[in-house]
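Commentary on secondary and tertiary structure
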Amino acid sequence: MDRSGWAVEAQGLVKVFGEHRAVDGVNLNVRAGTIYGVLGPNGAGKTTTIRMLATLLRPDGGSARIFGHDVTKESQIVRQLIGVTGQYASVDESLSAMENLIIFSRLLGLSRTESKRKAESLLEEFSLTEAAKRPLKNFSGGMRRRLDLAASLIAQPPLIFLDEPTTGLDPRTRVQMWETIQKLVKTGSTVLLTTQYLDEADQLADRIAVIDHGRVVAEGTVDELKASVGTSSLHLSVLQPLQMEAARHMVEQVLKVPTSAAYDSGKITAPMANTDQVTDLLIALREAGIPLAEMSVQKPTLDEVFLSITGSGTPNPPASQPQNQTKKAEVANL
Ligand SMILES: Nc1ncnc2c1ncn2[C@@H]1O[C@H](COP(=O)(O)OP(=O)(O)OP(=O)(O)O)[C@@H](O)[C@H]1O
Ligand SMILES: [Mg+2]
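Here's a quick rundown of the structure. (Residues numbered from 1 in each chain as written. Chains lettered and ligands numbered in written order. Predicted model: local features only at pLDDT ≥ 70, side-chain atom pairs only at ≥ 80, totals over all residues. Heavy atoms only, no water.)

**Notes on the site of ligand 1**
We apply this condition: Here a residue counts as near a molecule or strand whenever at least one of its heavy atoms sits within 4 Å of it. Counted as a polar contact is a pair of N or O atoms within 3.5 Å, where, for protein atoms, one must be capable of donating a hydrogen and the other of accepting one, and residues adjacent in sequence contribute only when both atoms are in side chains. The protein chains shown are the only cover counted for residues, whose accessible areas, like all others here, come from Shrake-Rupley with a 1.4 Å probe. Starting at the N terminus, helices and strands are each numbered in turn, a helix being any DSSP run of H or I of at least four residues and a strand any DSSP run of E of at least two. Gly counts as polar in this scheme, as do all residues outside two lists: the nonpolar Ala, Val, Leu, Ile, Met, Phe, Trp, Tyr, Cys and Pro, and the charged Asp, Glu, Lys and Arg.
For ligand 1, the set of nearby residues contains 13 residues, the closest of which are N42, G43, K46, T47 and T48. Here an oxygen atom of ligand 1 sits 2.7 Å away from a polar atom, N or O, in the side chain of K46. The side chain of T47 places a nitrogen or oxygen atom 2.7 Å from an oxygen atom of ligand 1. In the complex, the protein chains occlude 58% of the 640 Å² of accessible area that ligand 1 would expose alone. Counting only elements with at least two residues in the shell around ligand 1, the list comes to β2 (20–31) and α1 (46–53). Looking at the shell around ligand 1 element by element, the count peaks at three residues for α1. Looking at the shell around ligand 1 residue by residue, the class counts come to four nonpolar, seven polar and two charged.

**A short note on the nonpolar core**
Heads up, the condition is: Put simply, a nonpolar core is a bunch of buried Ala, Val, Leu, Ile, Met, Phe, Trp, Tyr and Cys residues held in one set by side-chain atoms that sit within 4.5 Å of each other. Each residue is assigned to one of three classes by its accessible area relative to the maximum for its type, calculated with a 1.4 Å probe on protein chains only: buried under 20%, partly exposed between the two thresholds, exposed over 50%. Throughout, a residue-residue contact means that at least one pair of heavy atoms, one from each residue, lies within 4.5 Å.
Core analysis: the largest hydrophobic core is formed by 32 residues, its most contacted members being L101, L123, F139, L147, I181 and V191. For this core, the secondary structure elements donating two or more residues are α3 (97–107), α4 (112–125), α5 (141–152), β7 (159–163), α6 (171–186) and β8 (190–195). With residues up to four places along the chain from it excluded, the contact list for V191 reads T34, I35, Y36, I160, L162, I181 and V185. If you look at the next biggest cluster of nonpolar residues, it comprises 29 residues, including L13, L57, I82 and V84.

Below, the structure written as C-alpha cells:
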C-alpha cells in the first residue's frame, strides 16, 4: 500500500478507562486531501479516538500512523503535522482576538510582521474582522469556535482534527463553518471531523465511519451509507397494543428490513427504501385486521442509520431497493 496516500491509518485502536472500553478496536483509514467524518452518538468514543490520533492520549492497544508516522513512537513528528481544534481553548480572556492570534503566531516562530499579517488574514477568513479588537470574554460561542479554528490554522497543518466543529452553532454560522472546512481541503489539507449530525457528514465528508460503543459499525461513502439505510423511514403505531408484535412482523415481512419497537409508546419504526411500499403495507395490515393509530413516512434519522447497521435483521438491502443498490456500506466489527 502506498503510504504517502494515507493521512491516517489506524489499526485496532483501544482505549480503556477503568473497566470501560471507550474505544474497542477502531480501524480508520483516511486518504490525504479528503474530508473524513466520524459519526456517532454521545459517548461512542469519537473524542477518545481523535485524542489518540492526535497524540494527546496513549492507546492501550492497536496502532496508528499519521502520514506514515507512528503516533506513539514518532509523536513529535506527528504533532508537527496536525492541528486540533479545542487545544487553544485556554487563551487569555482579556486579550482581543487579534492579540490572541498574534501570540500564537509568535509562539510558532513567525516574525512580528508575519504574525500580524497572518492574524489579519485569518480574522478576515473567519468573518471576525469586526470583532478583532474586542476582548475574548465578550465573544459568543460561535465566534469562539471560529477563533479556535483560526488559531489552529496558523501553522497550516496538513491534517486537521475537528471535534464536533458545529455543535451548538446557529444555522448560518454552521454553513460558514462548512464552507471554511471545504476551503481548507481545497488548499491541500486533510480534515478528520466528528459529528453527531448525519446532515453535516452528508454535506462535507467524502467518507464516513459510524462509531457506536467504541467500534466502527459501518464505513463507506455517504451514498453507500444512505443506500444501506434507505431513503426514508416509516413510523407507525397500532390502535391495539396487543397487536404490536403482529404489526411488527408484518412490517418486516413487507419491507424486508429490521424494525425497532418502543413498547411503552407503541411506536414501530423501520427504514424504507421505496415509499411505494407503504401501499403494500397498508393493504397487508388491513387484511390482517390490524388497525393503525398513526402512520408517517419521514427522512432517515441517525437512529435509523444505527438501526439499519446494527439491527438484528439481514444486512442485505431489500430486493426492491432503487438506484444505487450495488453500493452497500461495509458492515464491520459486528
Ligand atoms: N478521561 C476519561 N476517563 C474516564 N472515562 C472517559 C474519559 N474520557 C472519556 N471517557 C468515557 O469514554 C466514553 C467515550 O467518550 P468520548 O468522549 O470519546 O465519546 P464521544 O463519542 O466523543 O461522545 P460525545 O458525542 O458526547 O462527545 C464515554 O463513556 C466517556 O464517559
Ligand atoms: Mg466527543
